[in-house]
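The primary structure of each chain is shown beneath.
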2 protein chains.
Amino acid sequence: MNITLCEVGPRDGFQFEPKLIPTELKLEVIQALVDAGLPEVQIASFVHPKWVPQMADAEAVCAGAPEGRAVYTGLALNQKGVERARDAGLKHVDLSISTNPTHSRDNANMTLDEAVAQMCGMVQLCHESGLEARAGLQCVWGYKAPGDTPIERILDMSRQIVELNVESLSLADSTGMANPAAMKETLRAVQEVAGDTPLVLHLHDTRGLGMANVVAALECGVTRFDTAFGGLGGCPFIPGATGNIATEDTVYLLDSLGLNTGIDLEAVAAVSRRMEAFLEKPFSGKMYRLVG
Amino acid sequence: MNITLCEVGPRDGFQFEPKLIPTELKLEVIQALVDAGLPEVQIASFVHPKWVPQMADAEAVCAGAPEGRAVYTGLALNQKGVERARDAGLKHVDLSISTNPTHSRDNANMTLDEAVAQMCGMVQLCHESGLEARAGLQCVWGYKAPGDTPIERILDMSRQIVELNVESLSLADSTGMANPAAMKETLRAVQEVAGDTPLVLHLHDTRGLGMANVVAALECGVTRFDTAFGGLGGCPFIPGATGNIATEDTVYLLDSLGLNTGIDLEAVAAVSRRMEAFLEKPFSGKMYRLVG
């Protein structure tokens, strides 16, 4: 069986790094990731540079990204972001809202109803602009505490999103609060309402359960995951929070289970080691230290 | 269901730390771990201090360990080690040999046949001395490469050990090469030959699959695991190798699955943070940074 990984290192990994990464270096990283076989790469987010200075060159990154077999995506959190993604020439946009009222207020200054309305507007704009829209939900497994958004709310929001006719529905464990039991319970419930809309999982390894959660999701039939080279990422506002699940570790796990990704683990690890040297900090992934 | 964790931080965690840890501090750590509810603590190894200087105070640690509800164990790799453990007053000894001929030669300068003979002698001495013997196999999931010891050899050695009438049979993924599929395959095969002898798993998180491997083992019915506070440990001779699976992360995982350990996660995390400060290096576990 084939599993599709979307590399989010150039967006989720880079976004809160305090050391500014030159556009040229970002483009070299993207090229190397595509060459390593990543079929999808999230290369930028279209947020205000006041909030995320590292993403101020989103348009330049999109303009310079090498043409190739990979699908490039960008993150948009509002209509302005979708417009920028469209104007930057992307064909696929990742949209995202929170499922947790406190997180939605803290992070986006919106109620959940406002967030759903925002998502509707963004998807509509994508459709009008000929963009594929992946619609994402944040904090599905918790914000301040595991499971602090009731499952009914997750299902209700999933249902509303699926009705918008999106390319896929992404569920994010933004704070790394999922565990294998909760993963299976939530996935099976969401799959009921998602029908034919494919699910994508966006996991963080904050509590060390990232790979165990991938196994649980595989057992539920999920075949698409976001990962970041080296396990880069993590939110500066969550103390001790570590990053996304590592691309290399996930490829290693999948390979050991006989599942194919088409990704060259050693080539991804070379990217991680290069960026670890540039950013001057150890990454949280494991495999990138051991190969190549 | 109850799961029993054996804390190996004071032995496997400390043994290769270059900074010498005073006996008094080791005893404080052991006291804190017992107070945190760890039912078993491996407090020393009886190896030659020339090879492992950090364990030169094994007898003093045994003499000073607080009396309490925890079972104390020590690691012995030869008859001399068993004699020292006995003379130090321990009632339970962990014995260990390798399953991989190259590792056995590199690490213990023995053929596998010699290793099995050594194990027989050690178990016999334990029985004569009234000591409970846990007999362990190293590198069960690989040494230089995953699965580089044939399963037939693992089963053959397991069978020979079980016939010695040991308290339990411990299987070590010394190099962190197990994955959930290999974990289940090997466990099911070993369980066939182990019969009523309980299995214990000793896992390392070298490749990021530690918690996923615990889940796989739980699904096979294993209820006993070695863990180290903070994920301390790891072999200096294996580049990039990280430590044992972290006690805190394992407790968190088990708790999320509704399995009881009786261990106070925050109290263990306090030990990790204290020793992280003393050893002046970040540990590889995740949860100890997030609680307390």
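Residues numbered from 1 in each chain as written. Chains lettered and ligands numbered in written order. Predicted model: local features only at pLDDT ≥ 70, side-chain atom pairs only at ≥ 80, totals over all residues. Heavy atoms only, no water.

So, on to the interface of chain A and chain B. On the side of chain B, 28 residues touch chain A, which itself brings 28 residues to the contact. Along the contact surface separating chain A from chain B lie 2 salt bridges. Note that D205(A) is salt-bridged to K286(B), the shortest N-O span being 3.6 Å. Our count for the chain A to chain B interface comes out at 0 residue pairs in polar contact (both at pLDDT 80 or more). Elements with a minimum of two residues in the side of chain A that touches chain B: α8 (180-194), α9 (210-219) and α10 (247-256) of chain A. (Contact = heavy atoms within 4.5 Å. Salt bridge = Lys/Arg side-chain N within 4 Å of Asp/Glu carboxyl O. Polar contact = N/O pair within 3.5 Å; in protein donor to acceptor, adjacent residues only side chain to side chain. Helix = DSSP H or I, 4+ residues; strand = E, 2+ residues; numbered from the N terminus.)

To continue, consider the side chain of D12(B). Residue and element names in this part refer to chain B. Looking at the secondary structure, you find D12 in helix α1 (residues 9-13). Reaching out from D12, the side chain makes a polar contact with the side chain of Q15 at a distance of 3.1 Å. Of the polar contacts made by the side chain of D12, one reaches the side chain of H202; its length is 3.0 Å. Sequence-distant contacts of D12, that is, excluding residues within four places in its chain, are made with Q42, H202, H204, G233 and N244.

The operation relating chain A to chain B is a screw motion whose rotation component is 180°, with 0.0 Å of axial translation and a residual RMSD of 0.0 Å. Taken together, these values place the two copies in the relation of a two-fold axis. Among all C-alpha atoms of chain A, that of A212(A) lies closest to the rotation axis, at 2.0 Å. Both copies present the same face, since 100% of the interface residues in chain A are matched by interface residues at the equivalent positions in chain B. (Least-squares fit on C-alpha atoms with pLDDT ≥ 70 in both.)

Residues and elements named next belong to chain B. Reading around the circumference, β1-β2-β3-β4-β5-β6-β7-β8 is the order of the 8 strands in this closed barrel, with parallel pairing throughout. Across the sheet, the mean angle separating the axes of adjacent strands is 25° when strand polarity is ignored. Looking at chain direction, strand β5 (residues 132-138) and strand β6 (residues 168-173) are connected through 4 bridges and run parallel. Looking at β6, one finds that A135 is bridged to L169. Seen against the sheet, helix α6 (residues 112-129) touches β3 (71-76), β4 (92-98) and β5 and runs at an angle of roughly 170° to β4. (Pairing = 2+ DSSP bridges. Axes fitted to C-alpha atoms, helices over the stretch in contact; angles between N-to-C directions.)

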